[in-house]
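# Geometric and topological summary
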Amino acid sequence: MDVHLALTSVASDGYKVHFDRSGAPQKGSRSAQRDRLGPDQLTKSRYMTGVTENKRVMWFETRGRLSPDIGERWRMEQGNLVAELAREEFPNGEFVGGPPSEDQLQPTRPLFEARFAVGDMTVRVDVLRPAPSGGWVLTEVKSSTMTSRSSRKKAKQDVAFQVHVLDQAGLPLDRAEVMHLNPDYVHPDEEELFTQRDLTGELDEQIQEAREKAPEFAAVLDRDEPPMLWPSRTCNTCDCPEPCHDLPEHSVLTLPRLYYGHLDEIIDEGRWTLEDVEGHPHLKSKHRNYIQAAQSGEPYVDTPEVQRALSELEYPLYFLDFEAIDYALPPFEGTSPWEKIPFQYSLHVVEEGQESLRREDVTHKEFLHTGDGDPRPSLAERLLEDIGPNGSIVVYNATFEKGILEDLQEAFPQGADRFQSFIDRLWDQGEIFQEGHYVHPSQKGSWSLKKVLPAFDPDLDYDDLDVQQGMEAVVEYSRMIAPETSESRAQEIEEDLLAYCERDTWAMVVIHKTLSNLVGRNATAPGASTHS
């Protein structure tokens with residue numbers, strides 16, 4: 001699935017980003033103007049893959065054998081738009097896109113995407129601008145808001161590698177900074193969209209890391225074969241086309257939600273199989289439950305805990321799932337960078353005492369905004385109509401839905417009390433699986449809805465859908481509302497999105513019905529036992 005975005009306008013009602021059907025590089029964009037590099041060059045993006053992932057992933061990505069997933073491509077496209085917009089903060093700047101000339105290296109004007117190479121290391125600097133001292137200021141542009149610790153750490157590593165290469169190239173640097181989206185910006189406030197942070201005195205550790213790792217990474221890129229790595233916790237999420245090791249289906253790497261520090265200790269002790277790790281002091285009940293299920297081949301069910309959780313439900317039950325899009329650049333008045341904008345929901349309703357939970361007998365309501373304006377007003381209005389004043393609102397991973405409801409509450413104060421009622425009535429179905437009260441071997445340590453569902457209905461999956469995951473829904477929604485998309489194609493996408501979101505809430509109904517029967521409870525009657 002291709003992802004190509006274009007910034008079409010900037011106005012008081014938001015930054016208008018549309019899906020670019022042509023897929024052609026935009027004028028002035030990085031992909032349109034910068035030169036290409038071979039697989040043996042250690043660029044800053046390859047260096048960052050090496051320090052944040054591992055050397056094997058770096059090698060495969062460089063050879064084009066590992067591609068960014070749909071979510072990564074979405075963020076990369078947004079990052080390109082942010083980088084282009086950031087250049088407007090530096091008047092009279094010049095796009096270089098390759099090695100700068102001697103004239104350009106006279107510090108008289110900002111330079112964009114100037115490339116510097118030293119041996120097998122290469123960096124393209126987002127912005128180089130003249131410093132009052134006669135040297136240069138390096139500015140790395142980030143499309144994130146830099147609110148998380150991990151994003152700040154990565155920014156330092158990224159900038160440090162560039163500083164290391166420029167130092168080797170003999171370029172006099174006066175300062176190094178990161179320029180990122182302002183998390184406090186609300187469009188169209190008087191606040192600045194971008195904010196800057198001087199990193200000059202904070203990079204000693206990261207520069208030393210770059211000095212040590214850069215030669216090692218460059219040597220890896222020069223190899224004809226990928227490096228073989230000692231097993232580690234990164235094996236659990238590795239997408240390399242050729243695995244280093246033939247690990248068992250169930251191992252210490254699939255233990256659910258094991259603290260990384262404890263996992264590293266267990267690996268250092270040479271324990272890999274579940275038999276090796278049985279009785280280990282780092283294991284908690286959820287890990288022991290998983291081991292029991294994996295070894296027996298049968299699900300582990302903590303019946304009292306599941307019964308207790310289900311007893312909290314109040315009828316009618318509203319099974320709710322949102323889909324939301326996030327733009328780096330605030331798309332509407334009153335929004336902030338990367339704020340999640342809900343554009344769709346699905347809602348299945350189970351009434352108290354309902355005789356049948358067949359699909360055709362369960363009430364289903366849905367909403368999908370099909371225009372290119374702000375979807376929130378019409379979505380909020382419909383949601384307030386579709387959810388009644390009583391009953392539990394069943395979600396899977398309540399953090400997401402709670403965040404959406406809180407944002408709607410803030411955006412539409414006239415409905416604040418109703419939205420607070422919705423928040424108070426949230427019931428997280430996922431917690432049963434997250435806490436290990438139900439564990440099926442097929443989950444392999446995961447509690448995601450798509451991993452849990454097959455244990456309850458092996459024939460109900462997402463393989464028959466054209467949209468099969470949340471980020472695909474985001475991209476397809478962006479494509480659907482693009483002015484260039486034909487009416488017939490937009491209608492097809494609309495049907496695909498409705499089918500995907502409905503599948504999520506129906507999956508929760510199936511899990512509720514099957515789980516209730518499994519522990520002897522009536523799925524449509526609070527407190528009622530099927531054994532009474």
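Residues numbered from 1 in each chain as written. Predicted model: local features only at pLDDT ≥ 70, side-chain atom pairs only at ≥ 80, totals over all residues. Heavy atoms only, no water.

### Side note on the overall build of the protein chain
In terms of regular secondary structure, the protein chain is built from 17 helices and 15 strands. Projected onto its principal axes, the C-alpha positions of the protein chain cover 85 × 60 × 40 Å. Counting the 532 residues in the protein chain, one finds 52% classified as buried. Sequence separation of at least 24 residues holds for 67% of the intrachain contacts in the protein chain that already meet a minimum separation of 6. For the protein chain, the accessible surface area stands at approximately 24800 Å², while carbon and sulfur atoms represent 43% of it. (Helix = DSSP H or I, 4+ residues; strand = E, 2+ residues; numbered from the N terminus. Buried < 20%, exposed > 50% of the residue type's maximum accessible area, 1.4 Å probe, protein only. Contact = heavy atoms within 4.5 Å. Areas by Shrake-Rupley, 256 points an atom, 1.4 Å probe, with all protein chains shown as cover.)

### Focus: the sheet that holds strand E4 (residues 111-118)
If you walk across this open sheet you meet the 6 strands as E3-E4-E5-E6-E7-E8, and the pairing is mixed. The open sheet terminates on both sides in strands that have one partner only, identified here as strand E3 (94-95) and strand E8 (194-198). When E3 meets E4, the two strands line up parallel, connected through 2 bridges. Across the sheet, Glu 94 pairs through a bridge with Leu 111, a residue of E4. Across the sheet, helix H4 (residues 70-86) touches strand E6 (136-142), strand E7 (173-181) and E8, and the angle it forms with E6 is around 145°. (Pairing = 2+ DSSP bridges. Axes fitted to C-alpha atoms, helices over the stretch in contact; angles between N-to-C directions.)

### Re a negative patch on the surface
On the surface, Glu 88, Glu 89, Asp 184, Asp 189, Glu 190, Glu 191 and Glu 192 cluster together into a patch of negative charge. Judged by its relative accessible area of 81%, Glu 190 falls in the exposed class. (Patch = residues over 30% accessible without salt bridge, like charges linked within 9 Å, V, L, I, M, F, W, Y side chains within 5 Å. Salt bridge = Lys/Arg side-chain N within 4 Å of Asp/Glu carboxyl O. Lys, Arg positive; Asp, Glu negative; His and termini not counted. Charge placed at Lys NZ, Arg CZ, Asp CG, Glu CD.)

### Overview of the pattern of salt bridges
Should their charged atoms come close, side chains of opposite charge can pair. Under the criterion given, the structure shown has 29 salt bridges. The partner of Lys 142 in a salt bridge is Asp 158, and the shortest N-O contact between them spans 2.7 Å. Placement of Lys 142 in strand E6 and of Asp 158 in helix H5 (residues 149-168) is noted, with a sequence separation of 16 residues between them. Overall, the relative accessible area of 19% leaves Lys 142 in the buried class. Taking the shortest distance from any N to any O, the salt bridge between Glu 339 and Arg 376 comes out at 3.7 Å. Of this pair, Glu 339 sits in the loop between strand E10 (317-326) and strand E11 (340-350) while Arg 376 sits in helix H11 (residues 376-386), placing them 37 residues apart in sequence. Across the pair, exposure class does not vary: Glu 339 and Arg 376 are buried alike. Connected through salt bridges with shared partners, the residues Lys 44, Asp 126, Glu 140, Lys 142 and Asp 158 form a single ionic network.

### Thoughts on the packing of aromatic side chains
Enumeration over the complete set of coordinates arrives at 14 aromatic pairs. On the basis of an interplanar angle of 55° and a centroid distance of 5.7 Å, the ring pair of Tyr 47 and Phe 217 is categorised as tilted. Of this pair, Tyr 47 sits in helix H2 (residues 44-52) while Phe 217 sits in helix H6 (residues 204-221), and the two are 170 residues apart along the sequence. Each member of the pair, Tyr 47 as well as Phe 217, carries the same accessibility label: buried. Taking NZ or CZ as reference, Lys 450 lies 4.6 Å from the ring centre of Tyr 462, over its face. (Phe/Tyr/Trp six-rings, centres within 6.5 Å; stacked < 30°, edge-to-face > 60°. Lys NZ or Arg CZ within 6 Å of the ring centre and 35° of its normal.)

### Focus: the layout of surface pockets
Its boundaries defined by the atoms lining it, the second largest pocket holds a volume of some 910 Å³. Taken together, 27 residues line the second largest pocket, and the ones lying closest to its centre are Asn 397, Lys 450, Gly 470, Met 471 and Tyr 500. Those elements that place two or more of their residues in the lining of the second largest pocket are H4, E10, helix H12 (398-411), helix H15 (449-456), helix H16 (470-480) and helix H17 (487-518). At 6 residues, the largest contribution of residues to the lining of the second largest pocket is made by E10. Among the residues forming the lining of the second largest pocket, the class breakdown is 12 nonpolar, 6 polar and 9 charged. (1 Å grid on protein atoms, 1.4 Å probe; cavity = no way out; pocket = protein on both sides within 12 Å on 5 of 7 lines; lining within 4 Å. Points joined across faces, edges and corners; volume = space filled by probe spheres on them. Nonpolar A, V, L, I, M, F, W, Y, C, P; charged D, E, K, R; others polar.)

### Regarding the sheet that holds strand E14 (residues 426-428)
Ordered by their spatial adjacency, 5 strands build an open sheet running E12-E11-E10-E13-E14, and the pairing between neighbours is mixed. If you trace the sheet from one side to the other, it starts and ends with strand E12 (363-368) and E14, each paired once. For this sheet, the mean inter-axis angle between neighbouring strands, taken without regard to orientation, is 30°. With 10 bridges joining them, E10 and E11 adopt antiparallel strand pairing. Along E11, the bridge assignment pairs Phe 319 with His 348. Running over the sheet, H12 touches E10, E11, strand E13 (393-395) and E14 and is turned about 75° from E10.

### Re the side chain of Gln 409
Relative to the assigned elements, Gln 409 resides in helix H12. Of the polar contacts made by the side chain of Gln 409, one reaches the side chain of Gln 420; its length is 3.0 Å. Sequence-distant contacts of Gln 409, defined by excluding residues within four places in its chain, comprise Ala 416, Phe 419, Gln 420 and Ile 423. (Polar contact = N/O pair within 3.5 Å; in protein donor to acceptor, adjacent residues only side chain to side chain.)

### Some details on the environment of Arg 418
Mapping Arg 418 onto the fold places it in helix H13 (residues 416-424). C-alpha of Arg 418 to C-alpha of Pro 99: the two residues are 319 residues apart in sequence and 59 Å apart in space. Not counting the four nearest positions on each side in its chain, Arg 418 is found in contact with Leu 384 and Ile 387. In this structure the side chain of Arg 418 is engaged in a polar contact, spanning 3.0 Å, whose partner is the backbone oxygen of Ile 387.

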